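The lines below spell out each chain.
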Amino acid sequence: MELKRVVVTGIGAFTPIGNTVEEIFKNLKNGVSGSAPITYFNTEKFKTKFACEVKNFDISLYVDRKEARKMDPYAHFAMAAAAECLQDSKLQLDTIDLDSIGVIWGSGIGGLTTFQTEVTAFAQGDGTPRFNPFFIPKMISNIAAGYISIRYGLRGASYATTSACASSTHAMIDAFNYIRLGKAKAYITGGSEATINESGVGGFNAMKALSENNDEMVSASRPFDGTRDGFVMGEGGVALLFEEYEHAIARGAKIYAEVAGGGMSSDAHHLTAPHPEGLGAGNVMKWAIEDAGIKLTDIDYINVHGTATPLGDIAETNAIIKLFGDHAYKLNISSTKSMTGHLLGAAGAMETVASIFALQTGIVPPTINFKEADPNIDSKLNLTLNEAQQRNVEYALSNTFGFGGHNGSIILKKYKG
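This section reports on the structure supplied with the text. None of the values given here were measured: they were computed from a predicted structure. (Residues numbered from 1 in each chain as written. Predicted model: local features only at pLDDT ≥ 70, side-chain atom pairs only at ≥ 80, totals over all residues. Heavy atoms only, no water.)

**Regarding the pairing of strand 6 (residues 186–193)**
For step 1, the next point in the chain: For strand 6, a buried count of eight out of eight residues is recorded, marking the element as mostly surrounded by other parts of the structure.
For step 2, the next point in the chain: Burial of the side chains of strand 6 extends over both faces: Ala-186, Ile-188, Gly-190 and Ser-192 are buried on one face and Tyr-187, Thr-189, Gly-191 and Glu-193 on the other.
For step 3, the next point in the chain: Pairing of strand 6 with strand 7 (residues 236–244), which is carried by eight bridges, proceeds in the antiparallel orientation. Across the sheet, residue Thr-189 finds its bridge partner in strand 7, namely Leu-240. (Buried < 20%, exposed > 50% of the residue type's maximum accessible area, 1.4 Å probe, protein only. Helix = DSSP H or I, 4+ residues; strand = E, 2+ residues; numbered from the N terminus. Pairing = 2+ DSSP bridges.)

Written as structure tokens, this is what we have:
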């Protein structure tokens, strides 16, 4: 069976560093941090008082206010991103068989704000269960995919992937496979997350996963740095339209990049810590490259998971060196989480957009906030520190790894027509 080619023909994104492709690309190039004091709740009693929030977001531009009240903020981001993605793609839904388009959407947690609100209200009441009738549908992590499907009448497969921080990468790989196997013409895929609330920040603080560097909050997300103390929480929604190549060409679509391959693996090691030798990370990159039918030396740029956790950055860079050998030192490597923070289940989609930026512009986005070397990380690696670098990128690989040992890698190829 001959596999179909798959291309990216639309992007919609609401992120801590911008709400349009143009703004995001500009801030990726310039190394802009999205970190700032948390505005959503009073952080007085919390160890971490900052995060990477989405700015200037208005759901009423995309969803009727009455309907919006039935949705959790994570679904707000999903609906807005999907709307912008379809508009960007210029795909005319009335000219295509809607049975051939679906939605695969990733969210690691789903409606945490809704869960917190409803359970808190119950706990503070007299014990009578007066829950909002929309409590469950607002909370569940598949509902964003359902909302997008219903909104546009898309009758292809519609579901959610939930694999912690690998969720949207797994969603994109599933969409890629459906299309290249000839089972669909297009998919809206990506992910969203909205966990900057008391439960999210308090819970990750309890795990000692979040940075507590309140005195230097703008530069607190510092992957690979010897002073890193955890990730900075981000939020947002990123949607991409994956489309079968011939279908895209026939309608004269703008093509951002080609999807070349994808891989998934498991660490099978620990609930939250990476495999110390980067076994799962090495496997997932290797399998993605094999799936793309290319050589290790074809990869020019890796957008790493790079969360700025003490163990994670070491394991991932060690896995790169072990897999790529001498070529590891010829790669550009960067963590754009240094700018966006960690979008959790939406991270993979955000970092796919960052990889597309590198392919399209010949500019590798930087790892910002680097101050002090970590002796456990090979200093000969080109981690694209503090400033963007010019490079012709033909193939970019993006990694995302999640709690539970879930790993995903997706490979993007420069589109040349």
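**Considering the packing of aromatic side chains**
For step 1, the next point in the chain: For the coordinates displayed, the defined rule picks out 12 aromatic pairs.
For step 2, the next point in the chain: Centroid distance Tyr-178 to Tyr-187: 5.5 Å. Interplanar angle 40 degrees. Geometry classified as tilted.
For step 3, the next point in the chain: Relative accessible area serves as the criterion here: at 28%, Tyr-178 is assigned to the partly exposed category.
For step 4, the next point in the chain: Ring geometry for Phe-204 and Phe-231: centres 5.4 Å apart, planes at 75 degrees, overall edge-to-face. With Phe-204 in helix 8 (residues 198–206) and Phe-231 in the loop between helix 8 and strand 7, this residue pair connects regions lying 27 residues apart in the sequence. In this structure, Phe-204 and Phe-231 share a single accessibility class: buried.
For step 5, the next point in the chain: A cation over an aromatic ring shows up here: Arg-5 above the ring of Tyr-245, its NZ or CZ 3.9 Å from the ring centre. (Phe/Tyr/Trp six-rings, centres within 6.5 Å; stacked < 30°, edge-to-face > 60°. Lys NZ or Arg CZ within 6 Å of the ring centre and 35° of its normal.)

**Side note on helix 10 (residues 279–292)**
For step 1, the next point in the chain: The end-to-end C-alpha distance of helix 10 is 20 Å, a good match for the 20 Å that 14 residues give at a rise of 1.5 Å each.
For step 2, the next point in the chain: Every buried residue belonging to helix 10 is among Gly-280, Ala-281, Gly-282, Val-284, Met-285, Ala-288, Ile-289 and Ala-292, and all of these are buried.
For step 3, the next point in the chain: Residues of helix 10 that are buried in the fold lie against strand 8 (257–266), strand 9 (301–303), helix 11 (310–324), strand 13 (395–402) and strand 14 (406–413).
For step 4, the next point in the chain: Residue Gly-293 follows helix 10 closely and has a positive phi angle near 70 degrees. (Expected span 1.5 Å × (residues − 1). Contact = heavy atoms within 4.5 Å.)

**Points about the sheet that holds strand 9**
For step 1, the next point in the chain: Strands sit in the order 5-4-6-7-1-8-14-13-9-10 across an open sheet of 10 strands; the sheet is mixed. Each edge of the sheet is formed by a strand with only one pairing partner; in this case those strands are strand 5 (158–161) and strand 10 (332–334). Neighbouring strand axes in the sheet, compared pairwise and without regard to direction, differ in orientation by 25 degrees on average.
For step 2, the next point in the chain: In the packing of helix 3 (residues 73–89) onto the sheet, contacts are made with strand 1 (6–14), strand 4 (101–106), strand 6 and strand 7, and the angle to strand 1 comes to roughly 130 degrees.
For step 3, the next point in the chain: The sheet contacts of helix 13 (residues 347–361) involve strand 1, strand 6, strand 7, strand 8, strand 9, strand 13 and strand 14, and relative to strand 13 the element is tilted by about 165 degrees. (Axes fitted to C-alpha atoms, helices over the stretch in contact; angles between N-to-C directions.)

Coordinates in, geometry out; function isn't part of it.
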